[in-house]
Amino acid sequence: MAEEKKARISRAERLEKEREENLNHWEAQDEVLLKHRQEAYDIGGADQVARLAKQNKKPMRELVKMLIDPGTEFFEVGIDAGFEIGKKRLYGGDVYREEKREHIPGGGVITGVGVVQGQDCMIFANENRFAAGSYFPITLKKHMRAQAIAEQCGLTCIYIADSGGLNLPLQVGAFADDGHFGSMFYNMCRMSAKGIKQYTLSTGGNTAGGAYIVYLASESVMIEKLAYAFLAGPPMVKAAIGETVSMEDLGGAYVHTQHSGGCDHFVRSQEEGITKLREIMAFEPRQKLYIDRRETREPKFDFQEMMRCTPVDTYHYINIKDTIKCLADDSYFHEYKSTYGPGRGDSIVCGKMWLKGIPIGVIASNASGVIYIEAARKATEWMIRCGNSKLPVLFLQGSPGYMVGKAEEWGGIGKYGADMVRACTCLDVPKVTYVIGPDHGAANYGMCGRAFKPRFAFTTMRGRTTVMSGNTAGFILETLRRKNIEAKGGAVNEEDMAAFRQKMRERYDEEGHPFYTGSLLFHDGVIAFSEARDKLARAFEIALRVPVKESIWGDLKV
């Protein structure tokens, strides 16, 4: 019996099937993302909550919720930090494993922007459910990242402090260098000098350098028989000078509020301490939004449409206008040079839109995302126009790199790509980066990767951030291996080569995955499709709490 022919489907049916497959895939990926976050929310589980309860303490996340205004959301940054950090090749992975601290969900500190008495504030809370809230190298990186955002955006800083201080076994990566433990206090002092207030509620121990979180604050609060601050704890005092003293008598709340003067407010519970912080914040000057914000209009297309229009394969062509229409108010996008360089200039789409009433410029990877000369020139021009207009810019990054080859080099891709990198560097408006696909090579630079100081950098589960794709890396390294083997007169084992290629693909896919890059704080968080519009708009709102600077372009060669 002849095999039945498969029924043919129309192009429209095939596209609709792909759209539904995309939707199903990204819904499943967002579930993975939300489960991933839950580990940081519930670190230590019920046992840790019970342990804190015995000390009359609430989990830090409960205190943060009590601190921020009712009905507002905590805009968390860096929640992916520290996940399976012991497997990473950076920031002392081997040492983490040796100390059995190879997995630090949330990175050991909670950081994010919360609204307190109507004011946007950067909030820091030591995760005392893990290692007594001590600081690991990745904890410090996360703390410093939040301080950098606060300084750039002029945000009051509130520290809810309960930390064992520096994690001693990992001190070599956390004590003496710029960006290590001392930089926390340096940053506090510098921000204070700029008029950015620093407030601290001590809810537990603050030992050695950690005591400066209390002492350096503009105003600080300590809790009776719960909070302590001292340069050396009782055991060290005993060892150093032979004196026997209790924690309370050495550096308790009554010592620093009645005698040393190191603290300003004495309270008797965590709840009273949170109330005191809110009272302090009530006197802060009202914040402004330094842009002409208009009425918000919802897009005509929702986040599920964005899922349907986003290919499963990171390297599959994408029509970025389908993404933009799900983000922009009323789905309206005013495109710049829409017909320039057909097939080449349109690998980057530029234009303007409103995002929850905020006018922003957009520079977005399109199609394959490969940046040709025409695309680079257009993007550079648009950055200059946005900078001169003091218009914030959203980068939607999905580019594998700049185009290569003789024709492109002769045409000036290096020069025009460098101009794009320079323009991105000198564009001194609020910049927010959202990685939506491949994020490789110099395209990471021209499209405002982390090194180019975006106010916030986010990614989707589709993003892959590496120096190049795994296929390309595998091909290059395989070619070198072949040459070395042949130069020594050996024979190439094709099975070994195939296994090597596959290994490189898997390694690059793992190292470029959002959870891997987030663990190392290469971005501020993975955003679910359902959150994208709200979180991107909130990021710009926070960034616009300070006046927009003038952009000075340097030696552009356009």
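Quick summary incoming for the structure in this document. Each residue is numbered by its place in its chain's sequence as written, counting from 1. Local features in this predicted model are restricted to residues of pLDDT 70 or higher, and side-chain atom pairs are both shown and tallied only at a pLDDT of 80 or more, whereas totals for entire chains, interfaces and linings draw on every residue. As a rule here, side-chain values cover all heavy atoms of the structure and leave hydrogens and water aside.

Thoughts on the overall build of the chain
This is how it is decided: Numbering goes from the N terminus for both helices and strands, where a helix is a DSSP run of H or I of at least four residues and a strand is a run of E of at least two. Our radius of gyration looks at C-alpha atoms and nothing else; its globule reference is 2.2 Å times the residue count to the power 0.38. To sort residues, take the accessible area from a 1.4 Å probe on protein chains only and compare it with the maximum for the residue type: under 20% means buried, over 50% means exposed, and anything in between is partly exposed. Note on areas: Shrake-Rupley with a 1.4 Å probe; residue coverage comes only from the protein chains shown. In summary, the charge assignment counts Lys and Arg as positive and Asp and Glu as negative, without counting His or the chain termini. For charged residues, the charge sits on one atom: NZ in Lys, CZ in Arg, CG in Asp, CD in Glu.
The number of helices and strands found in the chain is 21 helices and 16 strands. Taken over C-alpha atoms, the radius of gyration comes to 26 Å for the chain, in line with the 24 Å a tight globule of 558 residues would show. Principal-axis analysis of the C-alpha atoms places the extent of the chain at approximately 85 × 65 × 60 Å. Looking at the chain residue by residue over its 558 residues, the buried ones come to 54%. Carbon together with sulfur atoms contributes 53% to the accessible area of the chain, which is approximately 25700 Å² in total. Across the chain, the centroid of the 73 positively charged side chains sits 4 Å from that of the 72 negatively charged ones.

A closer look at the pairing of strand 10 (residues 348-355)
Here is the rule we go by: In short, DSSP must find at least two bridges between two strands for them to pair.
Most of strand 10 is tucked away, with six of its eight residues classed as buried. Direction of pairing for strand 9 (residues 334-336) relative to strand 10: antiparallel, over a ladder of three bridges. Across the sheet, residue histidine 334 finds its bridge partner in strand 10, namely lysine 352. Judged from the eight bridges that link them, strand 10 and strand 11 (residues 358-365) form a sheet pairing that is antiparallel. Paired with leucine 355 across the bridge in strand 11 is isoleucine 358. Linking strand 10 back to strand 11 in an antiparallel pair, the connection comprises two residues, with lysine 356 at a positive phi of about 50°.

Some remarks on the pattern of salt bridges
For clarity, the cut-off: Here a salt bridge means any side-chain nitrogen of Lys or Arg lying within 4 Å of a carboxyl oxygen belonging to Asp or Glu.
Scanning all chains against the criterion turns up 34 salt bridges. Of the charged contacts, one joins arginine 145 and aspartate 524 as a salt bridge, the two residues approaching to 2.9 Å between their closest N and O atoms. One end of the pair, arginine 145, is in helix 5 (residues 137-153); the other, aspartate 524, is in the loop between helix 20 (514-519) and helix 21 (532-543), and 379 residues separate them in sequence. Taking the shortest distance from any N to any O, the salt bridge between aspartate 534 and lysine 356 comes out at 2.6 Å. Of this pair, aspartate 534 sits in helix 21 while lysine 356 sits in the loop between strand 10 and strand 11, and the two are 178 residues apart along the sequence.

Topic: the sheet that holds strand 12 (residues 393-397)
One key point about sheets: their strands pair by backbone hydrogen bonds, in either a parallel or an antiparallel sense. We apply this condition: To obtain an axis, a line is fitted to C-alpha atoms, over the contacting stretch when the element is a helix, and the angle between two such axes runs from 0 to 180 degrees between their N-to-C directions. Any two residues whose heavy atoms approach within 4.5 Å are treated as being in contact.
Here we have six strands laid out as an open sheet, ordered 9-10-11-12-13-15, and mixed in their pairing. Looking at the sheet topology across the chains shown, the edges are occupied by strand 9 and strand 15 (456-459). Pairs of neighbouring strands in the sheet enclose a mean axial angle of 20°, with direction left out of account. Here five bridges tie strand 12 to strand 13 (residues 431-435), and the two strands are oriented parallel to one another. Along strand 13, the bridge assignment pairs valine 393 with lysine 431. Sheet contacts for helix 21: strand 10, strand 11, strand 12, strand 13 and strand 15; angle to strand 13, the most-contacted strand, approximately 155°.

What to know about the nonpolar core
For clarity, the threshold we go by: To qualify as a nonpolar core, a set must consist of buried Ala, Val, Leu, Ile, Met, Phe, Trp, Tyr and Cys residues joined through side-chain atoms within 4.5 Å.
Membership of the largest hydrophobic core comes to 96 residues, with the highest contact counts inside it found for Met353 and Ile363. A total of eight residues in this core trace back to one element, the largest contributor, which is helix 14 (residues 373-388). Look past the residues within four positions of isoleucine 363 in its chain and what remains in contact with it is Ile348, Val349, Cys350, Ala379, Trp382, Met383, Val393, Leu394, Phe395, Leu396 and Met447. Counting residues in hydrophobic clusters, the runner-up holds 29 residues, among them Met60, Leu63, Val214 and Cys263.

What to know about the side chain of aspartate 69
For aspartate 69, the location among the structural elements is in the loop between helix 3 (60-67) and strand 1 (75-76). Given the relative accessible area of 13%, aspartate 69 is considered buried. If sequence neighbours within four positions are ignored, aspartate 69 has contacts with Val115, Val116, Gln117, Gly118 and Arg278.

Examining unusual backbone geometry
For lysine 453, which is not glycine, the phi torsion reads 60° and is therefore positive. Looking at the secondary structure, you find lysine 453 in the loop between helix 17 (443-446) and strand 15. Given the relative accessible area of 57%, lysine 453 is considered exposed. The backbone phi angle of leucine 521 is positive, close to 65°, even though this residue is not glycine.

Looking at the environment of aspartate 80
Rule in force here: The definition of a polar contact used here is a pair of N or O atoms within 3.5 Å, where within protein one atom must be able to donate a hydrogen and the other to accept one, and adjacent residues in sequence count solely through side-chain atom pairs.
As for its position among the elements, aspartate 80 is in the loop between strand 1 and helix 4 (93-98). C-alpha of aspartate 80 to C-alpha of leucine 231: the two residues are 151 residues apart in sequence and 32 Å apart in space. When neighbours within four sequence positions are excluded, aspartate 80 is seen to be in contact with His36, Gly518, Ser519, His523, Gly525 and Val526. Within the structure, aspartate 80 has its side chain in polar contact with the backbone nitrogen of valine 526 (distance 3.3 Å).

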